[in-house]
Amino acid sequence: MDEATRVYVKDASKRFGHGATVVHALADVTLTIEGGSFFTLLGPSGCGKTTLLRLLAGFETPTGGRILLGDQDVTALPPNRRPINTVFQSYALFPHLSVAQNVGFGLKMQGIARAKRDARVDQMLALVRMQDFAERPVAQLSGGQQQRVALARALAPEPRVLLLDEPLSALDLKLRKEMQIELKRLQRETGITFVFVTHDQEEALTMSDRIAVMSAGRVQQIGTPREIYAHPANRFVAGFIGESNFLPVTVADGAARIGDHRISLAAPADPGPATLAIRPEDIMLEPGAALSAEVTDTVYLGNAVQIMARLEDGTQIALRQPATIDLPESGQRIGLRLPVEAVQILEAE
Amino acid sequence: MSAGQGQANRTSWSLAAPALALLLIGSIGPLLIVLVYSFMTPGDYSGVQRPFTTQAWEQVFLTRDIFDDTLGWADAHMTIFWRSVKLSVLTAVITFLLGLPTAWFIATRPPDRRALWLFLITIPFWTNLLIRTIAINEIIRNEGLLNQVLLKLGVIGAPLQILYTDTAVLIGMAYVYLPMMVLPMYAAIDRFDTRLLEAAYDLFANRWQALWHVVLPVIRPGILAGSILVFVPSLGAYVTPRVLGGGKNMMIGNFIELQFGQGQNWPLGAALAVLLLIAVGLALTVYVRVLGGAGRADG
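Predicted model only: the values in this text are computed from it and were never measured. (Residues numbered from 1 in each chain as written. Chains lettered and ligands numbered in written order. Predicted model: local features only at pLDDT ≥ 70, side-chain atom pairs only at ≥ 80, totals over all residues. Heavy atoms only, no water.)

### Some remarks on the UniProt feature "transmembrane region" (unreviewed entry) in chain B
Residues and elements named next belong to chain B.
Turning to step 1, where the next piece is worked out: Per the UniProt annotation, the sites labelled "transmembrane region" (unreviewed entry) are residues 20–40, 87–108, 114–133, 170–189, 210–232 and 268–288.
Turning to step 2, where the next piece is worked out: In residues 20–40, helix accounts for 86% and strand for 0%; the two terminal C-alpha atoms are 30 Å from one another.
Turning to step 3, where the next piece is worked out: Across residues 170–189 one finds 100% helix and 0% strand; the C-alpha atoms that close the span lie 26 Å apart. (UniProt positions renumbered as here; feature names shortened; annotations may be inferred. Helix = DSSP H or I, 4+ residues; strand = E, 2+ residues; numbered from the N terminus.)

### Things to note about the pattern of salt bridges
All names here are of chain A.
Turning to step 1, where the next piece is worked out: If you walk through the whole model with that rule in mind, you get 24 salt bridges over all chains.
Turning to step 2, where the next piece is worked out: For E312, the salt bridge identified is with R333, shortest N-O distance 3.5 Å. In this pair, E312 sits in the loop between β17 (304–311) and β18 (316–322) while R333 sits in strand β19 (residues 333–337), placing the two residues 21 residues apart along the sequence.
Turning to step 3, where the next piece is worked out: According to the relative accessible area criterion, E312 is exposed, its value standing at 62%.
Turning to step 4, where the next piece is worked out: For R333, a relative accessible area of 46% translates into the label partly exposed. (Salt bridge = Lys/Arg side-chain N within 4 Å of Asp/Glu carboxyl O. Buried < 20%, exposed > 50% of the residue type's maximum accessible area, 1.4 Å probe, protein only.)

### Considering the sheet that holds strand β4 (residues 64–69) of chain A
Residue and element names in this part refer to chain A.
Turning to step 1, where the next piece is worked out: An order of β2-β1-β4-β5 is seen for the 4 strands of this open sheet, with the pairing classed as antiparallel. Bordering the open sheet on either side are β2 (23–33) and β5 (72–73), each of which pairs with just one other strand.
Turning to step 2, where the next piece is worked out: Examined bridge by bridge, strand β1 (residues 7–16) and β4 share 5 bridges and lie antiparallel to one another. Paired with V7 across the two strands is L69, which belongs to β4.
Turning to step 3, where the next piece is worked out: Seen against the sheet, helix α1 (residues 49–57) touches β1, β2 and β4 and runs at an angle of roughly 115 degrees to β1. (Pairing = 2+ DSSP bridges. Contact = heavy atoms within 4.5 Å. Axes fitted to C-alpha atoms, helices over the stretch in contact; angles between N-to-C directions.)

### Focus: the side chain of B:S234
Turning to step 1, where the next piece is worked out: Mapped onto the fold, B:S234 is located in helix α10 (residues 220–235).
Turning to step 2, where the next piece is worked out: Those residues in contact with B:S234 that sit more than four places away from it in its chain are B:S88, B:T91, B:M173, B:Y177 and B:M251.

### Quick look at unusual backbone geometry
Turning to step 1, where the next piece is worked out: Following B:R50, the chain continues to B:P51 via a peptide bond in cis, the omega torsion being 5 degrees.
Turning to step 2, where the next piece is worked out: One can find B:P51 in the loop between β2 (48–49) and α2 (55–61).
Turning to step 3, where the next piece is worked out: Unlike most non-glycine residues, A:A92 shows phi in positive territory, near 50 degrees.
Turning to step 4, where the next piece is worked out: Mapped onto the fold, A:A92 is located in the loop between β6 (84–87) and α2 (99–109).
Turning to step 5, where the next piece is worked out: Residue A:A92 is classed as buried on the basis of its relative accessible area of 4%.
Turning to step 6, where the next piece is worked out: Phi is positive for A:A216, close to 50 degrees, though the residue is something other than glycine.
Turning to step 7, where the next piece is worked out: By the element assignment, A:A216 lies in the loop between β9 (210–215) and β10 (218–223).

### Quick notes on the layout of surface pockets
Residues and elements named next belong to chain B.
Turning to step 1, where the next piece is worked out: Estimates place the volume of the second largest pocket at around 280 Å³.
Turning to step 2, where the next piece is worked out: Taken together, L100, P101, W104, L197, Y201, R207, W208, A210, L211 and V215 make up the full set of residues lining the second largest pocket.
Turning to step 3, where the next piece is worked out: Within the residue set of the lining of the second largest pocket, elements represented by two or more residues are α3 (75–107), α8 (195–202) and α9 (207–218).
Turning to step 4, where the next piece is worked out: Ranked by the residues each element gives to the lining of the second largest pocket, the list is headed by α9, at 5 residues.
Turning to step 5, where the next piece is worked out: Counted by class, the lining of the second largest pocket contains 9 nonpolar, no polar and 1 charged residues. (1 Å grid on protein atoms, 1.4 Å probe; cavity = no way out; pocket = protein on both sides within 12 Å on 5 of 7 lines; lining within 4 Å. Points joined across faces, edges and corners; volume = space filled by probe spheres on them. Nonpolar A, V, L, I, M, F, W, Y, C, P; charged D, E, K, R; others polar.)

### Let's talk about the packing of aromatic side chains
Turning to step 1, where the next piece is worked out: Per the stated rule, a full pass over the model turns up 11 aromatic pairs over all chains.
Turning to step 2, where the next piece is worked out: Here the aromatic rings of B:F119 and B:W126 are separated by 5.6 Å at their centres, their planes lie at 65 degrees, and the arrangement is edge-to-face.
Turning to step 3, where the next piece is worked out: Judged by its relative accessible area of 41%, B:F119 falls in the partly exposed class.
Turning to step 4, where the next piece is worked out: On the basis of relative accessible area, B:W126 is assigned to the exposed category, the value being 60%.
Turning to step 5, where the next piece is worked out: Cluster of aromatic residues (ring-pair linked, three or more members): A:F38, A:F194 and A:F196.
Turning to step 6, where the next piece is worked out: It is A:R153 that lies over the ring of A:F94; its NZ or CZ is 4.7 Å from the centre.
Turning to step 7, where the next piece is worked out: Taking NZ or CZ as reference, A:R279 lies 3.9 Å from the ring centre of A:Y229, over its face. (Phe/Tyr/Trp six-rings, centres within 6.5 Å; stacked < 30°, edge-to-face > 60°. Lys NZ or Arg CZ within 6 Å of the ring centre and 35° of its normal.)

### Points about the domain arrangement of chain A
Residues and elements named next belong to chain A.
Turning to step 1, where the next piece is worked out: When cut into domains, chain A gives domain 1 (7–236) and domain 2 (243–347).
Turning to step 2, where the next piece is worked out: One C-alpha centre belongs to domain 1, the other to domain 2, and the line joining them spans 39 Å.
Turning to step 3, where the next piece is worked out: In this assembly, 8 residues from domain 1 lie in contact with 5 residues from domain 2.
Turning to step 4, where the next piece is worked out: Contact between domain 1 and domain 2 buries roughly 650 Å² in total, counting both sides, with carbon and sulfur atoms accounting for 47%. (Domains from an automatic or database assignment. Buried area = accessible area lost by both parts, 1.4 Å probe.)

### So, the interface of chain A and chain B
Turning to step 1, where the next piece is worked out: Contacts between the two partners involve 28 residues from chain A, matched on the other side by 20 residues from chain B.
Turning to step 2, where the next piece is worked out: On the chain A side of the contact with chain B, A:N80, A:H96 and A:M109 bury the most area, a combined 31% of that side's loss.
Turning to step 3, where the next piece is worked out: Linking chain A with chain B are 1 salt bridge, by the criterion used here.
Turning to step 4, where the next piece is worked out: The salt bridge involving A:R54 is made with B:E198; its shortest N-O contact spans 2.6 Å.
Turning to step 5, where the next piece is worked out: Where chain A meets chain B, there are 7 residue pairs in polar contact (both at pLDDT 80 or more).
Turning to step 6, where the next piece is worked out: A total of 5 residues in the side of chain A that touches chain B trace back to one element, the largest contributor, which is α2(A). (Polar contact = N/O pair within 3.5 Å; in protein donor to acceptor, adjacent residues only side chain to side chain.)

### Structural notes on the pairing of strand β3 (residues 38–42) of chain A
All names here are of chain A.
Turning to step 1, where the next piece is worked out: Of all 5 residues in β3, 5 are buried, a share of seventy percent or more.
Turning to step 2, where the next piece is worked out: A two-sided burial pattern is seen for β3, the buried positions comprising F38, T40 and L42 on one face and F39 and L41 on the other.
Turning to step 3, where the next piece is worked out: With 5 bridges connecting them, β3 and strand β8 (residues 193–198) associate as parallel partners. Residue L42 lies in a different strand from β8, and its bridge partner there is T198.
Turning to step 4, where the next piece is worked out: Where β3 and β9 come together, 4 bridges link them in parallel fashion. Bridge pairing links L41 to A212 in β9.

### Digging into the confidence of the model for chain B
Detailed reading of the predicted coordinates is not advisable wherever pLDDT is low.
Residue and element names in this part refer to chain B.
Turning to step 1, where the next piece is worked out: Averaged over chain B, the pLDDT score is 88; the fraction of residues at 70 or greater is 95%.
Turning to step 2, where the next piece is worked out: Within chain B, no element has a lower average pLDDT than strand β4 (residues 71–73), which sits at 79, and none a higher one than α8, at 96.
Turning to step 3, where the next piece is worked out: Note on residues 294–299: pLDDT under 50 across the span, and 9 contacts to partners over four residues away in sequence or across chains. (pLDDT = per-residue confidence, 0-100.)

### As for the nonpolar core
Turning to step 1, where the next piece is worked out: Among the nonpolar cores identified, the biggest contains 69 residues, and A:L31, A:L41, A:F94, A:F105 and B:I219 are the most heavily contacted of them.
Turning to step 2, where the next piece is worked out: Take this core: its biggest share by element is 11 residues, from helix α7 (residues 166–191) of chain B.
Turning to step 3, where the next piece is worked out: In terms of nonpolar packing, the next biggest core, distinct from the first, is built from 36 residues, A:V103, A:L168, A:F194 and A:F196 among them. (Core = buried A, V, L, I, M, F, W, Y, C linked by side-chain atoms within 4.5 Å.)

This is the structure in structure tokens:
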């Protein structure tokens, strides 16, 4: 991938406040964002993802560590001297300027000549399909249109990296889906590195090349959407991305024990108490299986049914089945099989 | 406009009606009297009498030479007028330059601190204007505090003649009207979304560009309100030029007062007052047109 647009964050930390009230918003984060990729920072609010984005933009300076763009150290550069642009959560469009003037703002500040600027603005407006709105004041635009203008404005100066701070959170569901596809298209067409911040795991899974899951100022796991979904590194990731069952188990001799039921493991794990994680949709119904549970509730979801059941040791377990199966009754005993390839062994709680 | 908005407009008009009535009675009535007086003949000792004449209006612009009876431009009047406009514009500019950082400072304090700063800004209003102006006189006069300190420090060899100059009037008016500039600008900056500043920096603006291309245009309504609140009363200022400008550096307000007092020429005073009103109206129209419309894409 493109060397000059690769972002390298090394041991970045950020503390706010001092003395007893110090807050570690970011703690020794190290990650590489490949040039030309769609990279997502995913986590709940307060996990440090926005702080990291602000460090990349230059609005904050890290209290420790370095940020490199290509092989250039940009840690101390102010935002106006970084070839990085931002799409703000609230868009932050300039209310006194027209759509075209907003899009051309960055180019104007860079001192680019009028004719060249206008051409570039037209090109950007075409890219986000807003040509017909060039002369409108931004206050007259809908949320989705403002979003497109904010994108065009940030893309116009041809940044090496585009930062997007929860840009879709203010849109309704339908528009959000459309913009997800739109953003992905823009990223492919421009080849610019996108760094996307969101707390929406579905958004992250559908759009990203790679995802960094963050919590409490630390990166919990970095990987492709598939890796993160199928092989969560820890309980936080398994719980935050999709749904997971967490079953207390004991690991010994390459197998996990639930009560006296034994599940052999695909990957080696340290012996001792552990947590077994498995997705509801990965659990199979198997009449007469050694692991049995008592159905406590069933929920019809339209395209699937969710069955809530209780294992013999009292642990609650959820499994998801196609809506076409015969629904078990509450109180009925069912046999369960946990496929070895779907099982993750995590640290005990 | 929808029916609902029309309804809302009617309701808000009726809410404003009592205040509007008071303002109309208080301003239109006296103004009509002033306008009528400007077309009358000076009374024998003071006041006005018939017949109706345009004599006062001629006197505003033309003056009759007392020796050869020829008509010439009333240079003295024009000088006073020009000085008034010049000093008022300068007062607005100075209060803007001082007021912008002040308003910005207050608006960026933590919310629980802002009230205190605004309170401090309004403290001068507690004391009578005349007293405060005399206090400034005490500071800038030749034997005053400022000159004493500068002499002691060896910055100057002889006292600076500030009192009874245009500079003195300017200092006094800037001091008096500064809060009028700060308060509306504070209100505008308080509403200013600081994320716009981040957006400007992000799009390669340096501090001055961000100020010029984003902050000033966005807070323009506050600047507009503040400069009108400073310029208009400055143009009619009376106490400050009287105490700090002395007899020579009259402003239009003092000259009008002179006509109603020692000059015993009420019609001329009235004509000058009407002229001042027209000048202010024209100046504001041009000002609001130019500054109020500049850079606004929606016209």
